[in-house]
Amino acid sequence: MGALLFTLLTWQIADGGPVRRLDERLGRALSGALLPRPVAEFLADLGNMAVALPVLAAAMAYTAWRGRRSRAHRWWLPPLFAALAMAAVPALVVPLKAAVDRGAPPGMDGTGYYPSGHTATATVAYGAAALLLLPFLRAPRTLVAACALLNLGVALGLVVRGYHWPADTVASWLLGGGILAVTARGVSRSTCRSSSRTPSC
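In this text the structure is predicted, and so the values were computed from the model without any measurement.

A. A look at the overall build of the protein. Summing up its helical and strand segments, the protein has eight helices and zero strands in all. In summary, the protein has a C-alpha radius of gyration of 18 Å against a globular reference of 17 Å for 201 residues, a match within 12%. In the protein, buried positions account for 41% of the 201 residues. A fraction of 75% describes how many contacts in the protein between residues 6 or more apart in sequence connect residues 24 or more apart. Of the roughly 10,900 Å² that the protein leaves accessible, carbon and sulfur atoms contribute 66%. Here the protein carries 19 positive and 8 negative side-chain charges, and the mean point of each set is 22 Å from the other.

B. Layout of a nonpolar patch on the surface. On the surface, Met1, Leu4, Leu5, Leu8 and Trp11 cluster together into a nonpolar patch covering about 570 Å² of accessible area. Along the polypeptide, Leu8 turns up in helix H1 (residues 2-15). Owing to a relative accessible area of 42%, Leu8 belongs among the partly exposed residues under this scheme.

C. Seen up close, helix H5 (residues 77-100). Compared with an ideal rise of 1.5 Å per residue, which puts 24 residues at 34 Å, H5 spans 34 Å between its outermost C-alpha atoms and is within 8% of the ideal. When H5 is considered as a whole, its buried residues turn out to be Leu77, Pro78, Pro79, Ala82, Ala85, Met86, Val89, Val93, Lys97 and Val100. Asp101 occupies a position one or two residues after H5 and carries a positive phi of about 55°.

D. Seen up close, the layout of surface pockets. Approximately 150 Å³ is the volume found for the second largest pocket. Lining the second largest pocket, in full, are Thr123, Gly127, Ala130, Leu131, Leu134, Val144, Cys147, Ala148, Asn151 and Leu180. Among the elements of the structure, helix H6 (117-133) and helix H7 (140-160) are those that each provide at least two residues to the lining of the second largest pocket. Its residues assigned to classes, the lining of the second largest pocket comprises seven nonpolar, three polar and no charged.

E. Broad picture of the nonpolar core. Within the largest apolar cluster, 35 residues are counted, with the highest numbers of intra-cluster contacts made by Leu56, Val89, Tyr114 and Leu132. Broken down by element, this core gets its largest block of residues, nine residues, from H6. Setting aside its immediate chain neighbours within four residues, Tyr114 contacts Phe6, Leu9, Thr10, Ile13, Leu96, Lys97, Val100, Arg102, Ala167, Asp168 and Ala171.

F. Spatial organisation of the packing of H5 against H6. One can describe the packing of H5 onto H6 by two numbers: an axis separation of 10 Å at closest approach and a directional angle of 165°. When the axis of H5 is compared with that of H6, the two are roughly antiparallel. Helix-helix and strand crossings are classified by hand; for H5 and H6 the assignment is right-handed. Across from Pro78, Pro79, Ala82, Ala85, Met86, Val89, Val93 and Lys97 in H5, the residues of H6 making contact are Gly117, Ala120, Thr121, Val124, Ala125, Ala128 and Leu132. A breakdown of the residues in the contact of H5 with H6 according to their chemical character gives 12 nonpolar, two polar and one charged.

G. Just the packing of H6 against H7, in detail. Relative orientation of the contacting elements H6 and H7 amounts to 170°, with a least axis distance of 10 Å. Overall, the two elements H6 and H7 adopt an arrangement that is roughly antiparallel. From H6, His118, Thr119, Ala122, Thr123, Tyr126, Gly127, Ala130 and Leu133 reach across to H7, where they touch Leu143, Cys147, Leu150, Asn151, Val154, Ala155 and Leu158. Taken together, the residues that form the contact of H6 with H7 break down as 10 nonpolar, five polar and no charged.

H. Fine view of unusual backbone geometry. Cis geometry is adopted by the peptide bond preceding Pro115, which originates at Tyr114 and carries an omega value of -5°. Locating Pro115 in the fold gives a position in the loop between H5 and H6. Despite not being glycine, Leu34 shows a phi value in the positive range, around 70°. Along the chain, the position of Leu34 falls in the loop between helix H2 (18-30) and helix H3 (37-45). On the basis of relative accessibility, which here comes to 64%, the residue Leu34 falls in the exposed class. One non-glycine residue, Asp101, lies in the positive phi region at around 55°. Its location among the elements puts Asp101 in the loop between H5 and H6. On the basis of relative accessibility, which here comes to 43%, the residue Asp101 falls in the partly exposed class.

The rules we used
Residues numbered from 1 in each chain as written. Predicted model: local features only at pLDDT ≥ 70, side-chain atom pairs only at ≥ 80, totals over all residues. Heavy atoms only, no water. Helix = DSSP H or I, 4+ residues; strand = E, 2+ residues; numbered from the N terminus. Rg over C-alpha atoms; globule rule 2.2 N^0.38 Å. Buried < 20%, exposed > 50% of the residue type's maximum accessible area, 1.4 Å probe, protein only. Contact = heavy atoms within 4.5 Å. Areas by Shrake-Rupley, 256 points an atom, 1.4 Å probe, with all protein chains shown as cover. Lys, Arg positive; Asp, Glu negative; His and termini not counted. Charge placed at Lys NZ, Arg CZ, Asp CG, Glu CD. Patch = residues over 30% accessible without salt bridge, like charges linked within 9 Å, V, L, I, M, F, W, Y side chains within 5 Å. Salt bridge = Lys/Arg side-chain N within 4 Å of Asp/Glu carboxyl O. Expected span 1.5 Å × (residues − 1). 1 Å grid on protein atoms, 1.4 Å probe; cavity = no way out; pocket = protein on both sides within 12 Å on 5 of 7 lines; lining within 4 Å. Points joined across faces, edges and corners; volume = space filled by probe spheres on them. Nonpolar A, V, L, I, M, F, W, Y, C, P; charged D, E, K, R; others polar. Core = buried A, V, L, I, M, F, W, Y, C linked by side-chain atoms within 4.5 Å. Axes fitted to C-alpha atoms, helices over the stretch in contact; angles between N-to-C directions. Parallel < 35°, antiparallel > 145°, perpendicular 65-115°, else oblique. Left-handed = near helix turned anticlockwise from the far one by under 90°.

Structural data, given as C-alpha cells:
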C-alpha cells in the first residue's frame with residue numbers, strides 16, 4: 001500500500017497534477033506559520049545527518065553490546081540491518097531527486113527537493129534506532145510514539161521554515177516506512193534465530 005501511494009504521489013508531483021498544485025498552496029500557507037522560527041529551525045535540524053546518525057550509531061552499539069553480553073548467536077545482525085537501512089536512504093533519495101527535479105519552495109533556490117532527504121534520514125535513523133531498542137524496553141509503545149512525534153516534528157519544521165513542500169516530506173515518510181518494514185522483518189528474524197527463548201518465532 002505504501003509503495004502504491006508513493007508511486008501515485010511521485011507521479012502527481014512529477015507531472016504537475018492537482019495534488020502538486022494543492023501541495024504548493026498548502027506549503028505557502030504553512031510557511032512561517034504554526035511555530036516560532038527558532039523552534040521550526042531546531043526541529044528541521046533534527047533531520048541532519050550530523051544529528052540523526054549518532055543516535056542510530058548509539059542504538060547500534062548498545063544493541064551489539066547487549067547481544068554479545070547475552071552471548072546471542074548472530075548478535076551482529078540487527079545492527080547490520082540498521083546500517084544497511086541507513087545506507088539505502090541516499091541510494092534511493094538521490095536518484096529520485098534527480099529524476100523528479102522538483103523546484104524549490106519560495107525563498108529557496110535550485111531543484112531536487114522531492115523527496116526530502118532530511119525527512120528520509122530522520123525517518124530511517126530514528127525508526128531503525130527504535131526497532132533496535134524495542135526488545136530491551138518495558139514500555140515499547142512510548143518509544144514508538146516518541147519516534148513518530150519526532151519525525152512529525154522534523155517534517156513540520158522543514159515545511160514551516162520553507163525548506164520543503166509538504167509532499168516532499170510525506171514521500172519520504174512513505175519511502176522510509178518501506179525501508180523500515182524490510183528492516184523490521186530482518187531484525188525480527190535475526191532476533192528469533194538468536195534466542196532459544198522465543199518459541200513463538
